[in-house]
Amino acid sequence: MTFPPIREELRGIEPYGAPQLPVDLVPVQLNVNENPYAPSAAVVADVATSVAQATTSLNRYPDREFTDLRAGLAAYLSGDSAGVPVAPEQVWAANGSNEVMLQLLQAFGGPGRTAVSFAPTYSMYPEYARDTHTRWLTGRRESDFSLDLDAARELVEAERPSVVLLPSPNNPTGTALPPEAVTMLCEAVGDGGVVVVDEAYGEFRRAGTPSALELLPVHRNLVVSRTMSKAFALAGARLGYLAAAAEICDAVRVVRLPYHLSAVTQAVALAALRHAPELLGRVDDLRAERDATVSWLRGQGLDVADSDANFVLFGTFADRHAVWQALLDQGVLIRETGPDGWLRVSVGTAEEMTSFKHALTRALKEIA
Ligand SMILES: *Cc1c(COP(=O)(O)O)cnc(C)c1O
């Protein structure tokens, strides 16, 4: 027997995660789509006060139903859904949207059931399926990374998935799903499954790109997942959430661990919501910087995917690892991900993007 006695299918598998390198070694970190702007002194002070307040009762378990936070998140979502109200009982939260989506697979996946996505897409999805013994299946995207709606419908009708999981905007391509795609998928899946639209980057969408939140009143099997990790500039706090029919939230409550959201997490997230306008205040700058990065990369003669997110996928390189390494050697860390030959850069501050452009210009000269 080999020790430890881990499940056979997990033996030898490396834990998922992008390289985390110290900032003093690599000053420009553009690899995990974080918001580059740290909280202001005013936000720091309010979060600290809230945490101190929560600390006075840390001998007690936290509010298992995180009632205040659900109300706060519902109010926030109601302001980002073109007037479609979201009620507190339609909201669920956990320690990052990764945990939210794992809970969705725990509740709606499982042995004998199938989860479907469309590649290239987020590399964590197959892990939720593996960890919940759910069969995992991917359809393809077109060469511009959009969905072929007829092919997607055929796949869903043939495989009858109980979960369809796809990001909009998609990671790593930045592609948003049009509302017709969400509607088609919800109708094709029907009451036999849920359609999870992962809007981790939703707040970065371009003007004219609607959120799937607007479709919640139309499709009772639609789940829209959001996070405080990206636009909200709070990746370190670990808070993700979803909006869906109350029955879906109740189903997820069955599989959650008791008291999964600590009193400290709830206090931090509530403080962050009070400062939402400020924390989200740089989103417009980041969108402008993203659009400028797309144009600049195209100006270099590269292929660049249209992006509704805070990152840009560009290529293609015969040896993308060499380009990635040449950037790293100049102190710029980006991500080697996506289809063969492509690289992904997160949108940072204007100064960081200048460093990225200099480093890439040099790398392309060296490698050519
Ligand atoms: C970053 C990201 C998330 C967010 O994960 P958290 O656990 O909330 O930090 C979710 N989905 C996608 C596609 C992402 O890229």
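None of the values given here were measured: they were computed from a predicted structure.

1. Some remarks on the site of the ligand
Then step 1. Close to the ligand lie 13 residues; Ser97, Asp198, Tyr201, Thr227 and Lys230 are nearest.
Then step 2. Interatomic distance of 2.6 Å between a side-chain N/O atom of Asp198 and a nitrogen atom of the ligand.
Then step 3. At a separation of 2.8 Å, an oxygen atom of the ligand approaches a polar side-chain atom of Arg238.
Then step 4. A per-element tally of the shell around the ligand places helix H3 (residues 97–108) first, with three residues.
Then step 5. A per-class count over the shell around the ligand returns four nonpolar, six polar and three charged.

2. Concerning the packing of helix H5 (residues 149–159) against helix H6 (residues 179–189)
Then step 1. Interaxial distance between H5 and H6 falls to 9 Å at its minimum, and their mutual angle equals 20 degrees. Judged by the inter-axis angle, H5 sits roughly parallel to H6. Of the two elements, H5 crosses H6, and the hand of that crossing is right-handed. Contact residues: Leu149, Ala152, Arg153 and Val156 in H5; Glu180, Ala181, Met184, Leu185, Ala188 and Val189 in H6.
Then step 2. A per-class count over the contact of H5 with H6 returns eight nonpolar, no polar and two charged.

3. Here's the deal with the pairing of strand S7 (residues 222–227)
The side chains of a regular strand alternate, first on one face of the sheet and then on the other.
Then step 1. In terms of burial, S7 is largely enclosed, as six of its six residues are buried.
Then step 2. Taking every second residue as pointing to the same face, both faces of S7 are buried, with Leu222, Val224 and Arg226 on one and Val223, Ser225 and Thr227 on the other.
Then step 3. Examined bridge by bridge, strand S6 (residues 194–198) and S7 share four bridges and lie parallel to one another. Paired with Val195 across the two strands is Leu222, which belongs to S7.

4. Some thoughts on the side chain of Asp198
Then step 1. Looking at the secondary structure, you find Asp198 in strand S6.
Then step 2. Apart from the residues lying within four places of it in its own chain, the contact partners of Asp198 are Met101, Tyr122, Tyr125, Leu166, Pro167, Ser168, Pro169 and Ser225.

5. Structural notes on the sheet that holds S7
Then step 1. If you trace the seven strands from one edge of the open sheet to the other, you get S2-S8-S7-S6-S5-S3-S4, paired in mixed fashion. Single-partner strands in this sheet number two, and they are strand S2 (91–94) and strand S4 (135–140). Neighbour-to-neighbour, the strand axes of this sheet turn through a mean angle of 25 degrees, independent of strand direction.
Then step 2. Inspection of the sheet shows S7 paired to strand S8 (residues 240–243) by four bridges, in the antiparallel sense. Looking across to S8, one finds that Thr227 is bridged to Gly240.

6. A few points about helix H12 (residues 350–367)
Then step 1. Between its first and last C-alpha atoms H12 spans 26 Å; for 18 residues at 1.5 Å apiece the expected length is 26 Å, and the two agree.
Then step 2. Inspection of H12 places Glu352, Met353, Phe356, Ala359, Leu360 and Ala363 among the buried residues, and these make up the whole buried set. In a view along the axis of H12, the buried residues occupy a sector of 125 degrees, so they form one face of it. Along H12, the residues that are exposed and aim more than 90 degrees away from the buried face are Glu351, His358 and Lys365.

7. Examining the pattern of salt bridges
Then step 1. As enumerated under the stated definition, the model contains 21 salt bridges in all.
Then step 2. Arg130 is paired through a salt bridge with Glu127; the nearest N and O atoms lie 3.6 Å apart. Of the two residues, Arg130 and Glu127 both sit in helix H4 (residues 125–131), three residues apart, roughly one turn of that helix.
Then step 3. Notably, a salt bridge pairs Asp306 with Arg298, separated by 3.0 Å at the nearest N-O pair.

8. A look at the nonpolar core
Then step 1. Core analysis: the largest hydrophobic core is formed by 105 residues, its most contacted members being Leu104, Leu185, Met228, Phe314, Ile334 and Phe356.
Then step 2. Per-element tally for this core: the top contributor is H6, with seven residues.
Then step 3. Counting residues domain by domain, this core receives three or more from each of domain 1 (8–38 + 281–367) and domain 2 (41–278).
Then step 4. Sequence-distant contacts of Leu185, that is, excluding residues within four places in its chain, are made with Phe118, Leu147, Ala152, Val156, Val164, Leu166 and Val195.

9. Structural notes on a negative patch on the surface
Then step 1. Judged by side-chain charge, Glu142, Asp144, Asp148, Glu154 and Glu157 come together as a negatively charged surface patch.
Then step 2. Structurally, Glu157 can be placed in helix H5.

10. Concerning the packing of aromatic side chains
Then step 1. Counted according to the given criterion, the structure contains nine aromatic pairs.
Then step 2. On the basis of an interplanar angle of 50 degrees and a centroid distance of 5.9 Å, the ring pair of Tyr125 and Tyr128 is categorised as tilted. Of this pair, Tyr125 and Tyr128 both sit in helix H4, three residues apart, which is roughly one turn of that helix.
Then step 3. The exposure class assigned to Tyr128 is buried, which follows from its relative accessible area of 2%.
Then step 4. The structure contains a cluster of three or more aromatic residues connected by ring pairs, namely Tyr122, Tyr125 and Tyr128.

11. Looking at the domain arrangement of the chain
Then step 1. When its domains are assigned, the chain resolves into domain 1 (8–38 + 281–367) and domain 2 (41–278).
Then step 2. Inter-centroid distance (C-alpha atoms) of domain 1 to domain 2 is 25 Å.
Then step 3. Taken together, the 28 residues of domain 1 in the interface contact 29 residues of domain 2.
Then step 4. Interface area, domain 1 with domain 2, both sides summed: about 2,200 Å², of which 56% is carbon and sulfur.
Then step 5. One can count one salt bridge joining domain 1 with domain 2.

Parameters at a glance
Residues numbered from 1 in each chain as written. Predicted model: local features only at pLDDT ≥ 70, side-chain atom pairs only at ≥ 80, totals over all residues. Heavy atoms only, no water. Near = heavy atom within 4 Å. Polar contact = N/O pair within 3.5 Å; in protein donor to acceptor, adjacent residues only side chain to side chain. Helix = DSSP H or I, 4+ residues; strand = E, 2+ residues; numbered from the N terminus. Nonpolar A, V, L, I, M, F, W, Y, C, P; charged D, E, K, R; others polar. Axes fitted to C-alpha atoms, helices over the stretch in contact; angles between N-to-C directions. Parallel < 35°, antiparallel > 145°, perpendicular 65-115°, else oblique. Left-handed = near helix turned anticlockwise from the far one by under 90°. Contact = heavy atoms within 4.5 Å. Buried < 20%, exposed > 50% of the residue type's maximum accessible area, 1.4 Å probe, protein only. Pairing = 2+ DSSP bridges. Expected span 1.5 Å × (residues − 1). Arc of directions from axis to C-beta. Salt bridge = Lys/Arg side-chain N within 4 Å of Asp/Glu carboxyl O. Core = buried A, V, L, I, M, F, W, Y, C linked by side-chain atoms within 4.5 Å. Domains from an automatic or database assignment. Patch = residues over 30% accessible without salt bridge, like charges linked within 9 Å, V, L, I, M, F, W, Y side chains within 5 Å. Areas by Shrake-Rupley, 256 points an atom, 1.4 Å probe, with all protein chains shown as cover. Lys, Arg positive; Asp, Glu negative; His and termini not counted. Charge placed at Lys NZ, Arg CZ, Asp CG, Glu CD. Phe/Tyr/Trp six-rings, centres within 6.5 Å; stacked < 30°, edge-to-face > 60°. Buried area = accessible area lost by both parts, 1.4 Å probe.

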